[in-house]
Amino acid sequence: MANMLANIFGTSPVRPLERHMDIVYRCAKKLRPFVNAVIKRDLKRMAELRSQIEALEHEADNLKKDIRLNMPKSLFMPVPREDLLELLLVQDKIANRTKDVSGVIMGRKMKIPKEIAPQYLEFVQSNVDAAKQARKSVRELDELFTAGFKGAEVTLVSEMIEELDEIETHTDEQQTRIRSALFEIEKSLDPIDAMFLYEVIELTGEIADMAERVGRRLELLLS
Amino acid sequence: MEYQTTYIVLAAAFGLFMAWGIGANDVANAMATSVGSKALTIKQAILVAAIFEFAGAVLAGGEVTSTIRKGIVDADLLIGMDDGAKMLVYGMLAALLAAGTWLLIASRNGWPVSTTHSIVGAIVGFAAVGIGVDAVQWGKVGTIVVSWVVSPLTAGFIAYLIYRSVQKLILSQDDPLAKAKRYVPVYMFLAAFTITLVTILKGLKHVGLNISIQSSYILAIAIAAGIAVLGAILISRIKPDPKAEKSQHFYTVERVFGVLMVITACGMAFAHGSNDVANAIGPLAAVVSIAKNGIIGAKSSLDAWVLMLGGAGIVVGLATFGRHVIATVGKKITQLTPSRGFAAELAAATTIVIASGTGIPISTTHTLVGAVLGVGMARGIEAIDLRVVARILISWVVTIPAGAVLAILFFLLFKLILP
């Protein structure tokens, strides 16, 4: 018997979205040990972590496609479908950037100059923190749906997003400092290596940018 | 009238089959939410459903049964006919068989059809074509059809209001658990009060009890207060689970709503029994009355055994296949958490019980679907598939002519082969 009651419920995108963000964060988190291995010139460990990052990025990608397929236009939801799809897209970009950073470093067998190594590692950590805060905020999605996007839950999530913004501002400052530190030593580096170091720093910073955009998207759902 | 035993046995067999089908399929809608949200285990759900479906059928199923039995076909017109009594017996048998067959076809193909729509369509069909267009009480049929639109809308509206109030009073507050413990007993009182009151006012006279309006209210308030106090005691025993709450802030709050949901599930089972039993036994009751008295329209009361048979059929269906359906549906409707499920169930149960009290056969499942949409309108449900809602509307329109055509065929067949 086609049960009417059972079938009127579409596949809820909420839990899958939370799960996607979980995978994305697990992916981003790998960047710190990866950069550590780069600084230590531990090639074996680098390759190992690089393949883990790739696997997680791939997993996130598959889940993203799955969620999209299960969100047909006929779905009636408390929030616009487009907003949720956009949220999914920026979540996924966090994993993409992580993969890009590790890819450039790996592909060009890059070394991080020891003058900026500690700073860069710290910078990576802040970006991972931003991703973590984004995950924390996204985890509130199901509560938001239950509360109907009203009241105390909204305040809670707004505060989380504010904190996320602060972390992102902090990474921006770090990025400026690290760039000027690199500028100081760039003459001593191979020009192409230096160019790519700027590129890697830029890409790393985008992790926090994307995390912040996750926050912006969530905020749109609250309004 | 000759061959009366044959007619009664045939009608009882068909009626029992319908009741069994209702128990096997439709009851799941009333109970699955409680199982899905783990407010009840499957065993408890079946026990609750058995008791309250039966009680609903026997205590409050009388009005709707009498509408199906004598409200749709104009008895006066048949009295004037030579073999009017026989025609009505054939017709009711044909209607039962047609509705049962249509439900079977629909189930096999996965169409979401309603038992009520099938049986009403079938009765109207045989009466209009088999006897004559004038044999149908079109005014009454019109009322029934309008109620099919009105009941889901009403339930949806009530569900919207209830869920909005839950959001405002409990879910959007700083301390939802404390608020839930305070307000949930109030919802319990409201749920128990409405259902008992309508039952006492409209249902009990069928079992021979007559209570004055004033004492009806007092009795309903007393019962509802008792249930609310019992619920409050159960709720006060619920302790927060910090570990589970870390990943889901509403974990303990939902457990409080789980207690409430047991009560609304009882109400829903009761309401369902009161409205849907008539689909199976209304035609049976008509056949029994004619066969026993030999004439149409005799002032016979509804035999208690007929209601019992319907109630028992539902319970047997529940026990045989219902278990499986409840488990399947329960898994699929996890979105209907206790806080949402109770709002939908309470709204639907209230609407259905009131309709039962006034004798209108409505589709209980469609009413529940309307209530779920109402919760969705209150931004309460994560995702509702509107394609399925559209399919339900289409099946609504198809079921009535389908039931009618089948009933006409069976009617002509019975005229040929039955004595």
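> Lay out the overall build of chain A in plain terms, naming residues and giving numbers.
Along chain A, the regular secondary structure elements total nine helices and one strand. Order of helices (α) and strands (β) in chain A, N terminus to C terminus: α-α-α-α-β-α-α-α-α-α. The C-alpha extent of chain A, read off along each of the three principal axes, is 70 × 35 × 20 Å. For chain A, the proportion of its 223 residues judged to be buried stands at 43%. Counting contacts in chain A only where the partners sit at least 6 residues apart, residues at least 24 apart contribute 86% of the total.

> I'd like a rundown of the overall build of chain B, residues and numbers included.
Counting its secondary structure elements, chain B contains 16 helices and one strand. For chain B, the C-alpha radius of gyration of 22 Å lies close to 22 Å, the compact-globule estimate for 419 residues. For chain B, the spread of C-alpha atoms along the principal axes amounts to about 75 × 50 × 35 Å.

> Give me the lowdown on the interface of chain B and chain A, citing residues and values where you can.
In this complex, chain B contributes 40 residues to the contact, which on the side of chain A involves 30 residues. Looking at the side of chain B that touches chain A, its residues break down into 19 nonpolar, 15 polar and six charged. As judged from the two bridges shared by strand β1 (residues 75-76) of chain A and strand β1 (residues 384-385) of chain B, these two strands associate in the antiparallel manner. When the sheet's bridge partners are listed, A:Leu75 is paired in β1(B) with B:Asp385.

> Can you tell me about the confidence of the model for chain A, naming the residues and giving the values?
Per-residue confidence for chain A averages 91 on the pLDDT scale, and 99% of its residues sit at or above 70. Taking the mean pLDDT of every element in chain A, the minimum, 76, falls on helix α1 (residues 4-7) of chain A and the maximum, 95, on helix α4 (residues 43-69) of chain A.

> Give a description of the packing of helix α4 (residues 62-70) of chain B against helix α12 (residues 251-293) of chain B that names residues and reports values.
All names here are of chain B. Closest axis-to-axis distance for the α4/α12 pair is 7 Å, and the angle between their directions is 45 degrees. Accordingly, the angle class assigned to the pair α4 and α12 is oblique. Between α4 and α12 lies a crossing whose hand is right-handed. Of the residues in α12, those in contact with Val64, Thr65, Ile68, Arg69 and Lys70 of α4 are Asn275, Val277, Ala278, Asn279, Ile281, Gly282, Pro283, Ala285 and Ala286. Of the residues in the contact of α4 with α12, the class split is eight nonpolar, four polar and two charged.

> Give me the confidence of the model for chain B: which residues, what numbers.
All names here are of chain B. Averaged over every residue, the pLDDT of chain B is 85; the share at 70 or more is 96%. Within chain B, helix α5 (residues 75-79) has the poorest average pLDDT of any element, 74, and helix α8 (residues 138-171) the best, 92. Taken together, the chains of this predicted complex give a pTM of 0.87 and an interface ipTM of 0.80.

> Mind laying out the environment of A:Arg108, listing which residues take part and the relevant values?
Tracing the backbone shows A:Arg108 in the loop between α5 (81-107) and α6 (117-138). Each C-alpha atom, one on A:Arg108 and one on A:Gln125, is 22 Å from the other, the two residues being 17 residues apart in sequence.

> Pulling in residues and values, what's your account of helix α7 (residues 115-131) of chain B?
Here α7(B) is 17 residues long and its end C-alpha atoms lie 23 Å apart, about the 24 Å a rise of 1.5 Å per residue gives. Downstream of α7(B) by one or two residues, B:Gly132 has phi in the positive range, about 160 degrees.

> Please give an account of the packing of α7(B) against helix α16 (residues 386-417) of chain B that cites residues and values.
Residues and elements named next belong to chain B. Packing of α7 against α16 brings their axes to within 7 Å, and their N-to-C directions diverge by 50 degrees. Taken together, the axes of α7 and α16 lie oblique to each other. Seen along the crossing, α7 lies across α16 with a hand that is right-handed. Taking contact as the criterion, the partners of His117, Ser118, Gly121, Ala122, Val124, Gly125, Phe126, Val129 and Gly130 in α7 are, on α16, Trp396, Thr399, Ile400, Pro401, Ala402, Gly403, Ala404, Val405, Leu406, Ala407, Ile408 and Phe411. When the residues that make up the contact of α7 with α16 are grouped by side-chain class, the tally is 14 nonpolar, seven polar and no charged.

> An account of unusual backbone geometry is needed here, citing residue identities and associated values.
All names here are of chain A. The phi angle at Lys109 is positive, at roughly 45 degrees, despite the residue not being glycine. Its location among the elements puts Lys109 in the loop between α5 and α6. Here Lys109 falls in the exposed class, since 10 other C-beta atoms lie within 10 Å of it.

> Report on the environment of B:Ile238, specifying residues and quantitative values.
Residues and elements named next belong to chain B. Assignment of secondary structure puts Ile238 in the loop between α10 (213-236) and α11 (242-247). The sequence separation of Ile238 and Thr252 amounts to 14 residues, and the corresponding C-alpha distance is 7.7 Å. Once you skip the residues sitting within four places of it in the chain, Ile238 turns out to touch Thr252, Arg255 and Val256.

> If you had to explain the environment of B:Ala269 to someone new, which residues and values would you point to?
Residue and element names in this part refer to chain B. Take Ala269: it is sitting in helix α12. Since 28 C-beta atoms lie within 10 Å of it, Ala269 is described here as buried. Each C-alpha atom, one on Ala269 and one on Leu78, is 36 Å from the other, the two residues being 191 residues apart in sequence. What Ala269 contacts, discounting residues up to four positions off in sequence, is Val27, Ala30, Met31, Val48, Ala49, Phe52, Glu53 and Gly56.

Conventions adopted
Residues numbered from 1 in each chain as written. Chains lettered and ligands numbered in written order. Predicted model: local features only at pLDDT ≥ 70, side-chain atom pairs only at ≥ 80, totals over all residues. Helix = DSSP H or I, 4+ residues; strand = E, 2+ residues; numbered from the N terminus. Buried ≥ 20, exposed ≤ 12 C-beta atoms within 10 Å, placed from the backbone. Contact = placed C-beta atoms within 7 Å. Rg over C-alpha atoms; globule rule 2.2 N^0.38 Å. Nonpolar A, V, L, I, M, F, W, Y, C, P; charged D, E, K, R; others polar. Pairing = 2+ DSSP bridges. pLDDT = per-residue confidence, 0-100. Axes fitted to C-alpha atoms, helices over the stretch in contact; angles between N-to-C directions. Parallel < 35°, antiparallel > 145°, perpendicular 65-115°, else oblique. Left-handed = near helix turned anticlockwise from the far one by under 90°. Expected span 1.5 Å × (residues − 1).

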